[in-house]
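Survey of secondary and tertiary structure
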Amino acid sequence: MATDRFVEALEASGARAWSIYTTSFRRLSLGTKDRESGNPHAPFSVSEGLAAAYKVVWADGRVSRGSLERRQIELEVDDALRQARSAAIDDPDGAFVPEPSEIPDVAIHAPETAAIAAGEVEPIAERLAFIRKVVVERGLRTWSGSISASEGLGRIVTSTGMDASGKGTTFGWSAVLDGELGAGRALRVPESRELFKSRVFRIVDTVLKLREPAASLAGGLQRVLLHPDVVEEYVLGTLFSNLDGATVAHAEGAFRKEQFGSGDPVLREDLGLTIDPWKPLGPGSYRFSTEGVPSKPTTLIDRGRLVTPILDLKYGRRLGMAPTAHALSMEAVAFTAASEVPYEEAEREAVALILSVLGVHTQDTASGDFSLSAPQAWSRKGGRVKATISGNLFALLRDPGTTLVRFEDETTPGLLVTCRIDPR
């Protein structure tokens, strides 16, 4: 009904074209702060929400984009549109909405997650109790985190005749142990009890390892193993920043428009990067974007060569390319090479396992030069080490010695690389 009211207002506004994406959701969550669940700092919460994202192309060709909260959608649509009209800008490449097209049937809704979001709290309580039990039994001081489940309905309506909707669910948990290191996942459906417990045991064991006395470590160029969390946060984060359509269109990153589809490798020729939004119940799966673009698997890098930037309607039009999939979760991303080695093999070769890094957002993403503090690292000799790692990311991704490493239960691989390490 809220969408219909917005549509009526848009049709009466005299706009040339428009699209509106609304999402309504119901969410249940329970947090824990310093081992105490449901306290004022981490309450039990049941909430509902409604939000909208819109694009309006006015009769004079100027464009308005924005988002609305529930109150604006239900009670203040006319005022919101007047404000949007006054803030319209010239944006020729952005003045389009998609024509109706076939929407893929992707499974993104899990009834068991919807039941939790509706109030079936036992699965949440059971998992919180398990973390609490393990923390006490293994002698950890404290932990904080949360578990939540939500069910949402998304709907896209456009002036060109598109009207599509679909339900989706999300189940997520996170836990930080001793304020030191954390774990967690965001999924469409709760992972199995066995897999959940395995992840909790693994992060507990890692935190206990970090308590062991610091080990000596030689500096200089060394073989270092980057944990999948570091690969996602820094390595893939840097690649995605440079693959962003706006970055490419404005020539602000490492990759130029003419490099896409040229056949010239920019990375090692066996490396690939894809987004798959069609995995059944995949946390990064979706059916259509907030602009109304149907989802589809997209190859970004193939055999080290740039295939396409990550594009919405505007930057697809500006660069003369089709819109692409977007990575809503790293679990929809496949970073691949011709071969991988198991963790145990890479661990024997690396001087240290880098579990996390600081300073990612201060790095030069265009040049690839990096210098990252690694306060949580584990020496092959045993014991915790603190260090700074430095080098050039693009050089590492062209290095024949760089190796993808398979970690248990992780979709993203780790990376065994040769870079400079300076113990602190």
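Up top is the structure.
Residues numbered from 1 in each chain as written. Predicted model: local features only at pLDDT ≥ 70, side-chain atom pairs only at ≥ 80, totals over all residues. Heavy atoms only, no water.

1. Some thoughts on the overall build of the chain
When helices and strands are counted, the chain shows eleven helices and 18 strands. Taking 424 residues into account, the globule formula puts the C-alpha radius of gyration at 22 Å, and the chain, at 24 Å, falls close to it. Considered along the principal axes of its C-alpha atoms, the chain spans approximately 70 × 55 × 35 Å. Here the chain holds 424 residues, and the buried ones make up 51% of them. Distance from the positive charge centre (49 side chains) to the negative charge centre (57 side chains) of the chain: 3 Å. (Helix = DSSP H or I, 4+ residues; strand = E, 2+ residues; numbered from the N terminus. Rg over C-alpha atoms; globule rule 2.2 N^0.38 Å. Buried < 20%, exposed > 50% of the residue type's maximum accessible area, 1.4 Å probe, protein only. Lys, Arg positive; Asp, Glu negative; His and termini not counted. Charge placed at Lys NZ, Arg CZ, Asp CG, Glu CD.)

2. Topic: helix H3 (residues 77–86)
Within H3, burial applies to Val77, Ala80, Leu81 and Ala84. Angularly, the buried residues of H3 cover 100 degrees about the axis, an arc narrow enough to put them on a single face. Exposed positions of H3 whose direction lies more than 90 degrees from the buried face are Arg82, Gln83 and Ser86. (Arc of directions from axis to C-beta.)

3. Points about the environment of Leu404
Its location among the elements puts Leu404 in strand S17 (residues 403–406). With 65 residues separating them in the primary sequence, Leu404 and Ser339 have C-alpha atoms 7.2 Å apart. Not counting the four nearest positions on each side in its chain, Leu404 is found in contact with Leu271, Phe335, Thr336, Ala337, Ser339, Glu340, Val341, Pro413, Gly414 and Leu415. (Contact = heavy atoms within 4.5 Å.)

4. Comments concerning the pattern of salt bridges
Evaluation of the coordinates by the stated rule reveals 29 salt bridges. The shortest N-O distance in the salt bridge between Asp163 and Arg155 comes to 2.9 Å. Through salt bridges with shared partners, a single network forms among Arg185, Glu191, Arg199 and Glu331. (Salt bridge = Lys/Arg side-chain N within 4 Å of Asp/Glu carboxyl O.)

5. Regarding the sheet that holds strand S12 (residues 333–336)
Taken in spatial order, the four strands of this open sheet run S11-S10-S9-S12, and their pairing is antiparallel. Only two strands of the sheet have a single partner each, and these edge strands are strand S11 (305–306) and S12. Of the pairings in the sheet, the one linking strand S10 (residues 298–302) to S11 comprises two bridges and is antiparallel in character. Paired with Asp302 across the bridge in S11 is Arg305. (Pairing = 2+ DSSP bridges.)

6. What about helix H6 (residues 193–210)?
Compared with the 26 Å implied by 1.5 Å per residue over 18 residues, the 26 Å span of H6 between its first and last C-alpha is a close match. Residues of H6 that are buried: Phe196, Arg199, Val200, Ile203, Val204, Thr206, Val207 and Leu210. For H6, the arc enclosing every buried residue in end-on projection is 160 degrees, short of the 170-degree limit, so these residues lie on one face. Packed against the buried residues of H6 are helix H5 (122–137), strand S6 (163–177), strand S7 (181–187), strand S14 (352–358), strand S15 (369–379) and strand S16 (384–392). (Expected span 1.5 Å × (residues − 1).)

7. Structural notes on the environment of Ser165
By the element assignment, Ser165 lies in strand S6. A relative accessible area of 40% places Ser165 in the partly exposed class. Residues Ser165 and Thr22, spaced 143 residues apart in sequence, show a C-alpha to C-alpha distance of 9.3 Å. Beyond its immediate sequence surroundings of up to four residues, Ser165 is in contact with Leu153, Gly154, Arg155, Arg287 and Phe288.

8. Description of the nonpolar core
By size, the foremost hydrophobic cluster in this structure holds 52 residues, and its most contacted members are Leu226, Leu243, Leu273, Ile354, Ile389, Leu397 and Leu415. Element by element, the count of residues in this core is highest for helix H7 (residues 228–243), at eight residues. Among residues more than four places away in sequence, those in contact with Leu243 are Val248, Phe255, Phe260, Leu273, Leu300, Ile301, Leu306, Thr308, Pro309 and Ile310. In this structure, Ala117, Ile131, Trp143 and Ala149 belong to the second largest nonpolar core, which totals 36 residues. (Core = buried A, V, L, I, M, F, W, Y, C linked by side-chain atoms within 4.5 Å.)

9. A look at the pairing of strand S8 (residues 220–226)
Extensive coverage of S8 is indicated by the burial of six of its seven residues. As defined by bridge partners, S8 adjoins strand S18 (residues 414–423) across seven bridges and the pair is classed as antiparallel. By the bridge assignment, Gly220 is partnered in S18 with Ile421. Summarising the sheet, S8 and S14 pair through three bridges and their orientation is parallel. Looking at the pairing, Leu225 lines up with Leu353 of S14.

10. Digging into the pairing of strand S9 (residues 272–275)
Pairing between S9 and S12: four bridges, direction antiparallel. What sits directly across from Thr274, in S12, is Ala334. Sheet topology places S9 next to S10; three bridges connect them, and they run antiparallel. Directly across from Thr274, in S10, lies its bridge partner Thr299.

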